[in-house]
Amino acid sequence: MTTENPADTFPRQYARTLRYTVGAPRSFAVAPDGGRVVFLRSGSGRDRANKLWTLDPATGEERIAADPAVLLGGGEEHLSAAEKARRERSREGSAGIVGHALDAAGALAAFALSGRLFAADLAAGTARELPAEGPLLDPRPAPDGSHVAYATTAGALRVTRTDGGGDRALAEPDADGVTWGQAEFAAQEEMGRDRGFWWSPDSRRLLVARVDDTPVRRWWIADPANPATAPAEVAYPAAGTPNAEVGLWLIDLDGTRTEVVWDRTAHPYLARVHWSAGGAPLLLVQARDQRHQQIRTVDTTDGSTAPLVEEKDAAWLELFDGVPAWTPDGRLVRISDAGGSRALLIDEKPVTDDSLHVRSVFAITADGVLFSASEGAAGSGRPPGWTGLFRAGADGITPFGPETDGAAAAVHAGGTTVLSTASPDRPGTLVQVLRDGEPVATVASHAETPLLTARPAFRFAGERRIPAAVLLPTGYDRDRDGLLPVLMDPYGGPHGQRVVRAHNPHLTSQWFADQGFAVVVADGRGTPGRSPAWEKAVRHDFAGVTLDDQVHALHALAEEFPLDLGRVAIRGWSYGGYLSALAVLRRPDVFHAAVAGAPVTDWRLYDTHYTERYLGHPEEHPEVYDANSLTADAPKLERPLMIVHGLADDNVVAAHTLRLSSALLAAGRPHTVLPLSGVTHMTPQEQVAENLLLLQVDFLKRSLGL
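Residue positions are given per chain, counting from 1 as you read along its sequence in written order. Totals for whole chains, interfaces and linings use all residues, but because this is a predicted model, local features are given only for residues with pLDDT of at least 70 and pairs of side-chain atoms are given and counted only at 80 or more. With hydrogens and water stripped out, all remaining heavy atoms of the structure feed into the side-chain values.

Draft legend 1. Summary view of the overall build of the protein. Scanning the protein from terminus to terminus reveals 13 helices and 44 strands. As a reference, a globule follows 2.2 Å times the number of residues to the power 0.38, and the radius of gyration itself is taken over C-alpha atoms. Compactness check: the protein gives a C-alpha radius of gyration of 25 Å against a globular reference of 27 Å for 706 residues, within 12% of the reference. Dimensions of the protein along its principal axes, counting C-alpha atoms only, are 70 × 55 × 55 Å. Each of the 706 residues in the protein was classed as buried or not, and the buried ones make up 57%. Contacts were defined at the residue level, with two residues in contact if any of their heavy atoms lie within 4.5 Å. Considering only intrachain contacts with a sequence separation of at least 6, the fraction spanning at least 24 residues in the protein is 60%. By the criteria applied, helices consist of DSSP H or I runs no shorter than four residues and strands consist of E runs no shorter than two, each listed in order from the N terminus. Burial classes follow relative accessibility: with a 1.4 Å probe on protein chains only, a residue under 20% of its type's maximum area counts as buried, one over 50% as exposed, and anything between as partly exposed.

Rendered as structure tokens:
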């Protein structure tokens, strides 16, 4: 890691380095034979432009395969509106090469740069531009490396030959609002599916999504600071309103098309697509309420599909990375909540028990299925926030790679593993390359060293054993300093785990602690990583369950830590912003001030796939939406509340804050609104992010009388 600028402050450094991710290696891939590791990394912790790198596991040698500055001739990078939106969906704040895809041999990498198409010969270490019609998105080579397919911002799917033999369209929009080969908003934002086409193993055809977003209602995001600028039109599928219509087609390289058929009325969500040599293509399709889904096989001769597995759940069915998929010998791999624990299934047989809570599958080999898991409901003494790696093979479930007491992730192929481990005891992430289980190289990180050291104390809080981390001021002495004002710092909702066994995720909380607070981070029911029952306890009840668990954790931890329960504040962003506003509105007896960043205040204004999964359809359950939204609670406000919102946010739109503010004003309740001009749901702008932290501290101290 590089050293910091001595003139820096933590807020400025944290913002400039995108939470210390700039300069860190990322986006790893391993060639199928294990002979090459491919990844992205910028030149320093102050350089956001990623280069494409390779590493030879035999020697540990790193080599640049593609440098954006060279390929663009020193010119500036230009991003299309579609690419900016795609990066917003994936929370991508870096520059240069931000993604890459390999052919089956791991010899050719394709990537987009400034809307143009490039390919890197990874053996030779050279890169060149390929003929393509841009601006383009998401280029992916055919398995045999003969072609690269890509989507265009104009809505077409095209292919170009890697030998320079020509570029042509395979599918072009046949109507306004139609795109080919791109994931729709809901898939990108909520399903974890950011791609819209998949190559066949023999490189002769593709499965291609056709998206028609004309049914989706249009919203307009204006920039009030620049009234001469026309508002941006956004197709936003708010809860209870129409989604985009998504179909799937088989398209041969000669242009022949065959529609893939399933009951799209019953199962409109195309959540997962898998196509490997292990068997027929697999689709995972969901009902709109996400309580019923099917894994279907595709007959590639006529496009018909047949159900392979059907699942139902009274609450909802989760989606997981890496599954469904085939093993090389044709057995189905999936993850299921059947039986009350989140289990790995191979050939429809559960191979894990409730001692593990399976999170994802990261590799499927002839020797077994490799997966990540956290502590299951049965427990085995692991600390809060731990994530480990395992192999399901002929000898049962065994740990994969070196044991860690922190959080681990991996990429694996051909006997080579890229192992990433984080620990509370050291900053950043250690990335090692293992060959047949033995470390052979360490991938260098150029990320800056944080200016402060986080010291989280991990606990299971109270009778509910809520995972929590407590951070006290550096140098705190109880005899000298006594009880401390408390700052709850949650996300607290679905898909957002804050309590992890790592250092960097707790840096902002430590910074707030060093301003004189005892900071509590608690992952109550609804957050991931414990059990299906834990996650699904929020069904139809965001407000009651998640808020109650914050209170439970606070009171339980006060029995051990120096928490002054007469001075308690709460802050959060997104769901955490919702939870913060909720806290002062409904529990002013516990919470004395709040900062709510980009809060959802009316769940009818949030998107279909997320909101309806937890709260149902608003026309069927209007009382649920009323009970979980905030505007009706405006007359109850009696504590200081600051609301912060980016006016360019197209995920949680600024209307959420404006409607709550209007309701508060109508009720005569004083409050503070901080609008951020030109800021989206992310806040990558260095000065904005820095000053946001400083303003929050000032507001909270004044509100608590400090």
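The structure having been displayed, the exposition proceeds.
Draft legend 2. The arrangement of the pattern of salt bridges in detail. Think of a salt bridge as a Lys or Arg side-chain nitrogen and an Asp or Glu carboxyl oxygen that are within 4 Å of each other. Applying the stated criterion across every chain, the model contains 43 salt bridges. The partner of Arg 140 in a salt bridge is Asp 138, with the nearest N and O atoms 3.1 Å apart.

Draft legend 3. Spotlight on the sheet that holds strand E22 (residues 282-286). Pairing in this open sheet of four strands is antiparallel, and the strands run E21-E22-E23-E24 from one edge to the other. Single-partner strands in this sheet number two, and they are strand E21 (269-274) and strand E24 (305-312). Going from strand to strand, the sheet's axes swing by 20 degrees on average, the running direction of each strand aside. Of the pairings in the sheet, the one linking E21 to E22 comprises five bridges and is antiparallel in character. Within the sheet, the bridge partner assigned to Tyr 269 lies in E22 and is Gln 286. Here a strand pair is declared whenever DSSP counts at least two bridges between the two strands. Note on definitions: angles span 0 to 180 degrees between N-to-C directions of axes, and those axes are lines fitted to C-alpha atoms, for helices only across the stretch in contact.

Draft legend 4. Up close: unusual backbone geometry. In this chain, Gly 134 is followed by Pro 135 through a cis amide linkage whose omega measures -5 degrees. Along the chain, Pro 135 turns up in the loop between strand E9 (126-129) and strand E10 (136-141). In this structure, Pro 324 follows Val 323 across a cis peptide bond, with omega equal to 0 degrees. For Pro 324, the location among the structural elements is in the loop between E24 and strand E25 (325-326). One non-glycine residue, His 495, adopts positive backbone phi at about 70 degrees. Looking at the secondary structure, you find His 495 in the loop between strand E39 (484-488) and helix H6 (507-513). Looking at His 495, the relative accessible area reads 45%, which means it is partly exposed. Positive phi outside glycine occurs at Ser 574, with the angle close to 65 degrees. Topologically, Ser 574 is positioned in the loop between strand E41 (563-573) and helix H9 (575-586). Judged by its relative accessible area of 13%, Ser 574 falls in the buried class.

Draft legend 5. Layout of the sheet that holds E9. The strand order E6-E7-E8-E9 describes an open sheet built from four strands, whose pairing is antiparallel. In this open sheet, the two strands that pair with only one neighbour each are strand E6 (101-102) and E9. Examined bridge by bridge, strand E7 (residues 108-113) and strand E8 (residues 116-121) share six bridges and lie antiparallel to one another. Within E8, the position partnered with Ala 110 by the bridge is Ala 119.

Draft legend 6. Representation of the environment of Tyr 610 in the model. Here Tyr 610 is to be found in helix H10 (residues 608-615). For Tyr 610 and Ala 110, which are 500 residues apart along the polypeptide, the C-alpha to C-alpha distance reads 32 Å. Not counting chain neighbours up to four residues away, the residues in contact with Tyr 610 comprise Glu 190, Pro 494, Phe 542, Tyr 575 and Trp 603.

Draft legend 7. Molecular detail of the packing of aromatic side chains. Two aromatic rings from Phe, Tyr or Trp, using only the six-membered ring of Trp, form a pair when their centres are within 6.5 Å; if the ring planes differ by under 30 degrees the pair is stacked, by over 60 it is edge-to-face, and anything between is tilted. Counted according to the given criterion, the structure contains 27 aromatic pairs. Look at Tyr 491 and Tyr 575: their rings are 5.9 Å apart centre to centre, the planes differ by 45 degrees, and that puts the pair in the tilted class. Note that Tyr 491 is positioned in the loop between E39 and H6 and Tyr 575 in helix H9, a separation of 84 residues in sequence. We classify Tyr 575 as buried; its relative accessible area is 2%. Pairing Trp 603 with Tyr 610 gives two aromatic rings, centres 6.1 Å apart and planes at 15 degrees, and the pair type is stacked. Both residues of the pair, Trp 603 and Tyr 610, count as buried. Pairwise contacts between aromatic rings join Trp 316, Tyr 491, Phe 542, Tyr 575, Tyr 578, Trp 603, Tyr 606, Tyr 610 and Tyr 614 into one cluster. The side chain of Arg 465 reaches across the aromatic face of Phe 460, ending 4.1 Å from its centre. Two conditions define a charge located above a ring, namely a distance within 6 Å from the ring centre to NZ of Lys or CZ of Arg, and an angle within 35 degrees of the ring normal.

Draft legend 8. Spotlight on the side chain of Ser 372. Here Ser 372 is to be found in strand E30 (residues 368-375). Residue class for Ser 372 comes out buried when judged on its relative accessible area of 9%. Setting aside residues no more than four positions away along its own chain, Ser 372 makes contact with His 357, Val 358, Arg 359, Ser 360, Phe 362, Thr 387, Gly 388 and Leu 389.

Draft legend 9. Expanded view of the packing of helix H8 (residues 542-557) against H9. Between H8 and H9, the least distance of the axes is 10 Å, while the angle of their chain directions is 80 degrees. As far as their axial angle goes, H9 and H8 are roughly perpendicular. Here Phe 542, Ala 543, Thr 546, Leu 547 and Gln 550 of H8 lie close against H9, whose contacting residues are Tyr 575, Tyr 578, Leu 579, Leu 582, Ala 583 and Arg 586. A per-class count over the contact of H8 with H9 returns eight nonpolar, two polar and one charged. Roughly parallel means an angle under 35 degrees; roughly antiparallel means over 145; roughly perpendicular covers 65 to 115; every other angle is labelled oblique. Residues are grouped as follows: Ala, Val, Leu, Ile, Met, Phe, Trp, Tyr, Cys and Pro are nonpolar; Asp, Glu, Lys and Arg are charged; every other residue, Gly included, is polar.

Draft legend 10. Seen up close, the nonpolar core. Put simply, buried Ala, Val, Leu, Ile, Met, Phe, Trp, Tyr and Cys residues joined by side-chain atoms within 4.5 Å make one nonpolar core. In this structure, Phe 542, Phe 591, Trp 603 and Leu 641 are the most contacted members of the largest nonpolar core, which totals 63 residues. Beyond its immediate chain neighbours, meaning those up to four positions away, Phe 591 contacts Met 488, Leu 547, Gln 550, Val 551, Val 568, Ile 570, Ala 583, Val 584 and Arg 639. Tyr 14, Val 499, Phe 512 and Val 521 belong to the second-largest nonpolar core, a separate cluster that totals 30 residues.

Draft legend 11. Region of interest: empty space enclosed by the protein. With a 1 Å grid laid over protein atoms only, a set of points is called a cavity when a 1.4 Å probe fits there but cannot get out and a pocket when it is open yet has protein on both sides within 12 Å along at least five of seven lines; lining residues have an atom within 4 Å of a point. Grid points are joined across faces, edges and corners, and a volume is the space filled by probe spheres set on the points. The full count for this structure, using the stated rule, is two cavities of 30 Å³ or more. Each pocket or cavity is described by its volume, and for the largest cavity that value is around 120 Å³. Examining the composition of the lining of the largest cavity, we find that three residues originate from one element, strand E26 (residues 332-336), more than from any other. Of the residues assigned to the lining of the largest cavity, the class counts are eight nonpolar, two polar and five charged.

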